[in-house]
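# Inside the fold
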Amino acid sequence: MGNKLQNQVAIVTGASSGIGTGVAKALAAEGAIVVVNNSSEHSHDAAIQILNEIKSAGGQGIVYQCDVSKEDQVQAMFAETIKQFGTVDILVNNAGLQDDAPFTEMTLAQWNHVISINLTGQFLCAREAIREFLRRGMQPEKSLALGKIICMSSVHEVIPWAGHANYAASKGGIKLLMQTLAQEFAPKKIRINSIGPGAIKTPINKEAWDTPEAEAKLLTLIPYGRVGITDDIGKAAVWLASDDSDYVNGVTLFVDGGMTLFPGFSTNG
Ligand code: NAD
């Protein structure tokens, strides 16, 4: 166990699988008290198992079910966290999904589904977090910042993605939501940054890496020559949440093995 985030209260949305799980465990391993958010009854058992793993490793936390696209549920999650632990110090806006379709076949329901969770969900959670940071005031014994928010974006905040217009639009939206909030609240000493994962092995993109053929095709997009793992993102999240990154505000940290380096151009000299 480390102590970079000792006694800081962190809400990690969508923490019952994939990147959210990796982030929740990494924050807890640095001493944070972690709210493992899951979205529905279906993911309750998985969330409980993750909390048990956190506790077995010496960490602390709770499981809280909440759909991040629902204002009343988000407000209730923050209220319960503050009731149990006094405040919130770190928000990791991680929950997200894909609902893909060729653009001319994409329904309004598919568009709204992705935007309401990936983008509106980040708005709702960030608003509650910032309200709480401002209410609570500085805690110099915990952190140099009033509060920290990490938005889980994607390489698709800069790389267009045919067949995924709703997802790419949500991530492009997160980029300017994050930067605007960072600009607005830097004078209050709130730090807001994004992580832009490349291809990380999780259920969201299983078909892209779970056969040798699929993985070989995926690797043509990754100059560093390996598909990412959730630990890669967990380590980045710890850094962005801790005072080690105190002078970092309003950036997207791409954790992508070089996917945003336009590898298609590397043999075009
Ligand atoms: P995942 O499917 O394993 O996890 C997504 C999580 O979000 C799940 O726990 C799910 O229950 C939760 N979720 C979905 N709807 C929700 C809602 N309404 N309320 C609360 N939680 C909800 O996928 P992942 O790869 O771990 O994705 C996590 C984040 O990382 C997403 O924002 C995704 O866009 C982003 N991302 C992933 C990759 C990758 O390669 N895996 C790359 C770039 C960005």
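Now for a quick tour of the structure. All of these numbers come straight from a predicted model, not from anything done at the bench. (Residues numbered from 1 in each chain as written. Predicted model: local features only at pLDDT ≥ 70, side-chain atom pairs only at ≥ 80, totals over all residues. Heavy atoms only, no water.)

Following the criterion strictly, the structure yields 1 aromatic pair and no others. Where Trp 161 meets Tyr 167, the ring centres are 5.7 Å apart and the plane angle is 70°; that geometry is what we call edge-to-face. (Phe/Tyr/Trp six-rings, centres within 6.5 Å; stacked < 30°, edge-to-face > 60°.)

This part covers the sheet that holds strand S4 (residues 90-93). Backbone-to-backbone hydrogen bonds join strands into a sheet, with any given pair of strands oriented parallel or antiparallel. Read from one edge to the other, the open sheet built from 7 strands follows the order S3-S2-S1-S4-S5-S6-S7, with strand pairing classed as parallel. This sheet does not close on itself; its edge strands, each paired only once, are strand S3 (60-65) and strand S7 (252-255). In this sheet, neighbouring strand axes are inclined to one another by 20° on average, regardless of whether the strands run parallel or antiparallel. Of the pairings in the sheet, the one linking strand S1 (residues 9-12) to strand S2 (residues 33-38) comprises 4 bridges and is parallel in character. The residue bridging Val 12 from the neighbouring strand is Val 36, located in S2. Contacts from helix H3 (residues 71-85) reach S1, S2, S3 and S4, with the element oriented near 155° to S3. This element, helix H5 (residues 165-185), spans strand S5 (147-152), strand S6 (190-197) and S7 of the sheet and lies at about 160° to S6. (Pairing = 2+ DSSP bridges. Helix = DSSP H or I, 4+ residues; strand = E, 2+ residues; numbered from the N terminus. Axes fitted to C-alpha atoms, helices over the stretch in contact; angles between N-to-C directions. Contact = heavy atoms within 4.5 Å.)

Before going further, it helps to spend a moment on unusual backbone geometry. Unlike most non-glycine residues, Asn 7 shows phi in positive territory, near 65°. Relative to the helices and strands, Asn 7 resides in the segment before S1. Overall, Asn 7 belongs to the partly exposed group, its relative accessible area being 42%. Despite not being glycine, Lys 189 has its phi angle at roughly 70°, a positive value. As for its position among the elements, Lys 189 is in the loop between H5 and S6. On the accessibility criterion, Lys 189 (43% relative accessible area) is partly exposed. (Buried < 20%, exposed > 50% of the residue type's maximum accessible area, 1.4 Å probe, protein only.)

An α-helical segment advances 3.6 residues per turn. Residues three or four places apart therefore align on the same side. Here helix H1 (residues 18-29) is 12 residues long and its end C-alpha atoms lie 17 Å apart, about the 16 Å a rise of 1.5 Å per residue gives. In terms of burial, H1 is a largely internal element, 10 of the 12 residues being buried. Restricting attention to buried positions, one finds in H1 the residues Gly 18, Ile 19, Gly 20, Thr 21, Gly 22, Val 23, Ala 24, Ala 26, Leu 27 and Ala 28. Just beyond H1, the residue with positive phi is Gly 31, at close to 100°. (Expected span 1.5 Å × (residues − 1).)

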